Amino acid sequence: MFSRSMYSHMIKTIATTIVFFVCSSHLFAQRNMSAADTGRLVWGHAEFMRYDRASMCNRTIDEVDRQYTRIFIKDTVLESIRGSKEYSPKIHNSAIETVKRCIAHLQLNEQTNDQLWAVARIYMVIGEKQKSKEVVERVIATGINRSEKIELKLQAIEMYLNYSADYLPHVYYFVNLIRSEEPVSHVARFKVDFLMSNFYFILYNPDSVLHYTNSAIESLEKMNLEEMDSIPAFDPFSLQINIANINGDIPMQERILDRAKELVSNWKSGLGERFITATSSGIDRKKTVYSKKTNSFESAIWENYDGVPRPLIGKPSLFVVISHNCGGGCASRFSAIKRLKRTFGDSLDIVLITQTMGYAPGTGPLTPSEEGKIAAKFLKEIHDLPFTLLVDESPTHKMPDGRIIRDRAPVTQMLEEVNSANALITDADGRIQWAGNLQNEWHMRSITAVIDRALSKMKK
């Protein structure tokens, strides 16, 4: 409800027989540069007298923030992960100033009940913390029964957690309201603990994650099967296994899974059993590779390569599967990789892995060697990823009708077989320390903990 969803606006300007399609990220340039703009156009988020509801100003926050972060800031996550307590990008000051102008003529305290969430969020964004909390309490008062009021309190917790750690006092206020409910709702307590454990996992505070996941598991123990089926019962165990995986502790992962078997095997008509089987298989695969020395990748196509075999001996290495053809879909992963580089500098070797697909951006059919060269240039010059590139050649065969079928590339397939991973970290001796997922900024702190563990071994 409160996430920043992506919108695409199509603006048609007819000049003779030409139709221009302009996406929302270029509105600022269009407004100032288009020859078709004779001054008669009224651009969004400029004249607010026609905005008569708080929800319209609430939507303005996201759209103006998106416009400015996409146009004026090449990489919105410039700082090292260390020393930063932020877990999500800040809203751009321009969006904050714009929403202040938007609400200047509105009487926010007179908005109808269906506008109260928007009012609460506006107050949150502009820093009116107490007013935001008071409006949320008005929202909760509209609940028609105890169950609905609990759900509204959970929505409030999620809203504040998704915005900024500055609002943790509000979070704990509503958490304590739910915990003080009588009679006790084990489902509600589980949901609170689950929200909090996810929050602290993003920040990677293992002690807090374990505190809230253990509390969630205690609630599970008191539920009947119908109650258990209404919540993501396996997820607290999954978070605990993730922490044990980050620590390279296979026996702990097995103990956590044994506890899960006792409680959630019958969850959702066998879905729990399937989760347990898949997790058990992943742990077994990790047993075969963790702390094992990897062979250097040979007989491969390399680009941006200095001729030194990988994994590099003498420093930890990160191998991460990306795609040179994924367009905007990999922006978050690319940003995460760059942030890791800013954090660790030359103490970490980064190797990108891309599997051949027969083409690269803006090309026709290519041989693997040709594709590798263009992919390396594209990643280096367009995405600012000047790292060693392993071009993972996909086995191909031709169908009778001439179609080319590409199977999974071998290195990518190997990673997927270990914990369904797309990333791998080795220590300074080339021994595998971790296999898992590097998808976006949310994974940064946990991966940082793995790299720190590998670096600390070098000092002993």
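The structure reproduced in this document is the subject of the present report. (Residues numbered from 1 in each chain as written. Predicted model: local features only at pLDDT ≥ 70, side-chain atom pairs only at ≥ 80, totals over all residues. Heavy atoms only, no water.)

**A word on the environment of Ile-350**
Part 1 of the argument: Among the structural elements, Ile-350 can be located in strand β5 (residues 349-355).
Part 2 of the argument: On a C-alpha basis, the gap between Ile-350 and Pro-386 in space is 9.5 Å, while along the polypeptide they are 36 residues apart.
Part 3 of the argument: In this view, Ile-350 contacts Leu-318, Ile-337, Lys-341, Phe-387 and Thr-388; residues no more than four positions away in its chain are not counted. (Helix = DSSP H or I, 4+ residues; strand = E, 2+ residues; numbered from the N terminus. Contact = heavy atoms within 4.5 Å.)

**Thoughts on the pairing of strand β4 (residues 317-321)**
Part 1 of the argument: Extensive coverage of β4 is indicated by the burial of five of its five residues.
Part 2 of the argument: Residues Ser-317, Phe-319 and Val-321 of β4 are buried on one face, and the alternating residues Leu-318 and Val-320, pointing to the opposite face, are buried as well.
Part 3 of the argument: Sheet topology note: the β4/β5 ladder contains five bridges and is parallel. Opposite Val-320, over in β5, you have Leu-352 as the bridge partner.
Part 4 of the argument: For the handedness criterion, the β-α-β arrangement of β4, helix α14 (residues 331-344) and β5 is classed as right-handed.
Part 5 of the argument: Inspection of the sheet shows β4 paired to strand β9 (residues 423-426) by four bridges, in the antiparallel sense. (Buried < 20%, exposed > 50% of the residue type's maximum accessible area, 1.4 Å probe, protein only. Pairing = 2+ DSSP bridges. Right-handed = clockwise from strand over helix to strand, strands pointing away.)

**With respect to the pattern of salt bridges**
Part 1 of the argument: Here the structure, examined in full by the defined rule, presents 20 salt bridges.
Part 2 of the argument: The partner of Glu-181 in a salt bridge is Arg-146, with the nearest N and O atoms 3.0 Å apart. Of the two residues, Glu-181 sits in the loop between α7 (168-179) and α8 (186-203) while Arg-146 sits in helix α6 (residues 146-161), which places them 35 residues apart along the sequence.
Part 3 of the argument: Between Lys-287 and Glu-254 there is a salt bridge whose closest N-O contact spans 2.5 Å. Linking Lys-287 in helix α13 (residues 271-289) with Glu-254 in helix α12 (residues 250-264), this pair joins segments that are 33 residues apart in sequence.
Part 4 of the argument: Assessed through its relative accessible area of 39%, Lys-287 is described here as partly exposed.
Part 5 of the argument: A relative accessible area of 29% places Glu-254 in the partly exposed class.
Part 6 of the argument: Each of Arg-146, Lys-153 and Glu-181 takes part in a single network of salt bridges with overlapping partners. (Salt bridge = Lys/Arg side-chain N within 4 Å of Asp/Glu carboxyl O.)

**A word on the side chain of Ser-219**
Part 1 of the argument: Residue position: Ser-219 is located in helix α9 (residues 206-221).
Part 2 of the argument: Leave out the neighbours within four places in its chain, and Ser-219 touches His-186, Arg-189, Phe-190 and Asp-193.

**Some points on the packing of aromatic side chains**
Part 1 of the argument: Applying the stated criterion across every chain, the model contains 13 aromatic pairs.
Part 2 of the argument: Ring centres of Phe-201 and Tyr-204 lie 5.9 Å apart, and the angle between their planes is 80°; on these two criteria the pair is classed as edge-to-face.
Part 3 of the argument: Given a relative accessible area of 12%, Phe-201 falls into the buried group.
Part 4 of the argument: With 6.2 Å between their ring centres and 45° between their planes, Phe-234 and Phe-237 make a pair best called tilted.
Part 5 of the argument: We classify Phe-234 as buried; its relative accessible area is 4%.
Part 6 of the argument: A relative accessible area of 1% means that Phe-237 is categorised as buried.
Part 7 of the argument: Each residue in the set Tyr-160, Tyr-163, Tyr-167, Tyr-173 and Phe-174 is aromatic and connected to the rest through ring pairs, giving one cluster. (Phe/Tyr/Trp six-rings, centres within 6.5 Å; stacked < 30°, edge-to-face > 60°.)

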